[in-house]
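# Close look at the chain arrangement
So the chains spell out like this:
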Amino acid sequence: MAIRIDCTADGYSECWIEYRSEPWPFKDRRRILSSVSDIETLEIILGYMTGWNLKDVDGKEVPFVPSIDSLDNVDDTRLVSWIVASWFMARAERSALPKAPSKP
């Protein structure tokens, strides 16, 4: 089941991202929190995405291809910062989902 996060950035209310519900290994959170590179952070986050409805700065739809190059024409100050925040929102929502018991 995907975790859908609706965009809260001004001018992008129709945008959303869907994230996978499993797995969410600790190492990725650790890597994101210690990263000083937007590119590295986004590359980790892109690996969690299962779909999106994103618009570029010209208002055109961005095809879902989870690669850093797909984000070249999105708004850097509004949408890129929201994408990073959306990963943390999805992580919080994922924490509330029921989980199967861990295998021994």
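Everything discussed here concerns the structure shown above.
Just so we're clear, the structure is a prediction, and the values are computed from it rather than from any experiment.

### Some points on the environment of I3
Looking at the secondary structure, you find I3 in strand β1 (residues 3-6). For the pair formed by I3 and I17, sequence separation is 14 residues and the distance between their alpha carbons is 8.2 Å.

### Focus: the packing of helix α1 (residues 26-34) against helix α2 (residues 38-46)
Remark: α1 packs on α2, axes separated minimally by 9 Å, with the N-to-C direction vectors making an angle of 155°. Relative to α2, the element α1 is oriented roughly antiparallel. When the axes of α1 and α2 are compared, the crossing they make is left-handed. For the pair formed by α1 and α2, the contact residues are D28, R31 and I32 on the first element and E40, T41, I44 and I45 on the second. Tallied by class, the residues present in the contact of α1 with α2 amount to three nonpolar, one polar and three charged.

### Regarding the packing of aromatic side chains
In this description, a pair of aromatic rings is defined by centroid distance and the angle of the planes. Across all of its chains, the model carries six aromatic pairs by this definition. With 5.0 Å between their ring centres and 90° between their planes, W52 and F64 make a pair best called edge-to-face. Here W52 is found in strand β3 (residues 49-55), whereas its partner F64 is found in the loop between β4 (61-62) and α3 (76-96), with 12 residues between them in sequence. The exposure class assigned to W52 is buried, which follows from its relative accessible area of 7%. Measuring from ring centre to ring centre gives 5.0 Å for W87 and F88, while their planes differ by 85°; the resulting arrangement is edge-to-face. The exposure class assigned to W87 is buried, which follows from its relative accessible area of 1%. On the basis of relative accessible area, F88 is assigned to the partly exposed category, the value being 28%. Ring pairing ties together the aromatic residues Y19, W24, Y48, W87 and F88, which thus form one cluster.

Basis of the calculations
Residues numbered from 1 in each chain as written. Predicted model: local features only at pLDDT ≥ 70, side-chain atom pairs only at ≥ 80, totals over all residues. Heavy atoms only, no water. Helix = DSSP H or I, 4+ residues; strand = E, 2+ residues; numbered from the N terminus. Axes fitted to C-alpha atoms, helices over the stretch in contact; angles between N-to-C directions. Parallel < 35°, antiparallel > 145°, perpendicular 65-115°, else oblique. Left-handed = near helix turned anticlockwise from the far one by under 90°. Contact = heavy atoms within 4.5 Å. Nonpolar A, V, L, I, M, F, W, Y, C, P; charged D, E, K, R; others polar. Phe/Tyr/Trp six-rings, centres within 6.5 Å; stacked < 30°, edge-to-face > 60°. Buried < 20%, exposed > 50% of the residue type's maximum accessible area, 1.4 Å probe, protein only.

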